[in-house]
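Examination of the molecular architecture
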Amino acid sequence: MTKIEKLGVDIGGVIIENHDNSADTSFFSKNYLSTPASENSFAELKKLNEGRFEDKVYLVSKCGPSVQSKTKKWLKHNRFFELTGISEDKVHFCLERNEKAEISLQLGLTAFVDDRLEILGYLKHMKDLFLFKPNEEEVAENKEHLPLVTVVNSWTELGTLLNE
Ligand SMILES: [Mg+2]
């Protein structure tokens, strides 16, 4: 029997672009619905969801209640569900970074993409960990986890690796 593969994807900094907080379209401004999606993220997620991961792509995001509500609105406003084919019930939120581990275990995720190395450090039980467009300082603070992960700098690069 082939093993079922399930992909977990962070939202902030991976699907929704991390913007300078002072920018007009920062996710922390009133224009948050206009914060851009990471380039090619929707197209690559659609391919992964239809292809290798067979409708088992999940979004797992750590944020408080107000950002949760903004994130849901952003996903709808930007037609995320229609454009990727990923259903709304695949979106999971937690309040603490380390809770991503519990959610991942419950869902049986086998691969994860995050822009924070600290978080991937909690997900050591998975063999496929991808660090997306990392922040140098955050990497320096959590460098002991670096050998566990593959660093990627674009969705095109990630799509190529995951579709191999
Ligand atoms: Mg993030």
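Here the structure is shown first, and the text comes after it.
Residues numbered from 1 in each chain as written. Predicted model: local features only at pLDDT ≥ 70, side-chain atom pairs only at ≥ 80, totals over all residues. Heavy atoms only, no water.

Secondary structure summary: the chain contains 7 helices and 6 strands in total. In the chain, the order of α-helices and β-strands from amino to carboxyl end is β-α-β-α-α-β-α-β-α-β-α-β-α. Taken over the C-alpha trace, the chain has a radius of gyration of 15 Å; the compact-globule value for 164 residues is 15 Å, and the two agree within 12%. Over its C-alpha atoms, taken along the principal directions, the chain stretches across nearly 50 × 35 × 30 Å. When the 164 residues of the chain are sorted by exposure, 46% land in the buried category. Across the chain, every contact between residues at least 6 apart in sequence was considered, and the portion connecting residues at least 24 apart equals 59%. (Helix = DSSP H or I, 4+ residues; strand = E, 2+ residues; numbered from the N terminus. Rg over C-alpha atoms; globule rule 2.2 N^0.38 Å. Buried < 20%, exposed > 50% of the residue type's maximum accessible area, 1.4 Å probe, protein only. Contact = heavy atoms within 4.5 Å.)

Let's shift gears to the packing of helix H1 (residues 41–50) against helix H7 (residues 155–163). With their axes 9 Å apart at the nearest point, H1 and H7 run at an angle of 10° to one another. For the element pair H1 / H7, the angle class is roughly parallel. Facing H1, whose interface residues are Ser 41, Glu 44, Leu 45 and Leu 48, H7 presents Trp 155, Thr 156, Gly 159, Leu 162 and Asn 163. By residue class, the composition of the contact of H1 with H7 is 4 nonpolar, 4 polar and 1 charged. (Axes fitted to C-alpha atoms, helices over the stretch in contact; angles between N-to-C directions. Parallel < 35°, antiparallel > 145°, perpendicular 65-115°, else oblique. Nonpolar A, V, L, I, M, F, W, Y, C, P; charged D, E, K, R; others polar.)

The protein atoms donating to the magnesium ion are Asp 10 (OD), Gly 12 (O) and Asp 115 (OD), with metal-donor distances spanning 2.1 to 2.2 Å. One chain supplies every donor to the magnesium ion, and in sequence these donors are spaced D-x1-G-x102-D. When its relative accessible area of 35% is taken as the criterion, Gly 12 is described as partly exposed. (Donors = N, O, S within 2.8 Å, 3.2 Å for Na, K, Ca; no water.)

If charged atoms from side chains of opposite charge come close, those side chains can pair. Taken as a whole and assessed by the stated rule, the structure comprises 10 salt bridges. With a closest N to O distance of 2.7 Å, Arg 52 and Glu 5 form a salt bridge. Here Arg 52, found in the loop between H1 and strand E2 (57–62), pairs with Glu 5, found in the segment before strand E1 (7–9); they are 47 residues apart in sequence, far enough to count as distant. Taking relative accessible area as the criterion, Glu 5 reaches 24% and is therefore assigned partly exposed. The salt bridge partner of Glu 118 is Arg 97, with a shortest N-O separation of 2.9 Å. Of this pair, Glu 118 sits in helix H5 (residues 117–121) while Arg 97 sits in the loop between strand E3 (91–94) and helix H4 (99–107); the two residues are 21 residues apart in sequence, bridging distant segments of the chain. (Salt bridge = Lys/Arg side-chain N within 4 Å of Asp/Glu carboxyl O.)

Our focus in this paragraph is H4. Looking at H4, one finds that the buried residues are Lys 100, Ala 101, Ile 103, Ser 104 and Leu 107. Taken around the axis of H4, the buried residues stretch over an arc of 165°, which confines them to a single face. Opposite the packed face of H4, turned more than 90 degrees from it, sit the exposed residues Glu 102, Leu 105 and Gln 106. As for H4, its buried residues are in contact with E2, E3, strand E4 (111–114) and H5. Downstream of H4 by a residue or two, Gly 108 has a phi angle that is positive, lying close to 75°. (Arc of directions from axis to C-beta.)

Moving on to the sheet that holds E3. Within a sheet, neighbouring strands are paired by backbone hydrogen bonds and run either parallel or antiparallel to one another. What the 6 strands build is an open sheet, ordered E3-E2-E1-E4-E5-E6; its pairing is parallel. Looking at strand neighbours, the two that pair on one side only are E3 and strand E6 (150–152), the edges of this open sheet. Averaged over all pairs of adjacent strands, the angle between strand axes in this sheet comes to 25°, irrespective of strand direction. Where strand E5 (residues 128–132) lies against E6, 3 bridges are found, and the strand directions are parallel. Note that in E6 the partner of Phe 132 across the bridge is Val 152. Sheet strands in contact with H4 are E2, E3 and E4, and its direction is about 145° off that of E3. (Pairing = 2+ DSSP bridges.)

Distances and angles like these do not, on their own, reveal function.
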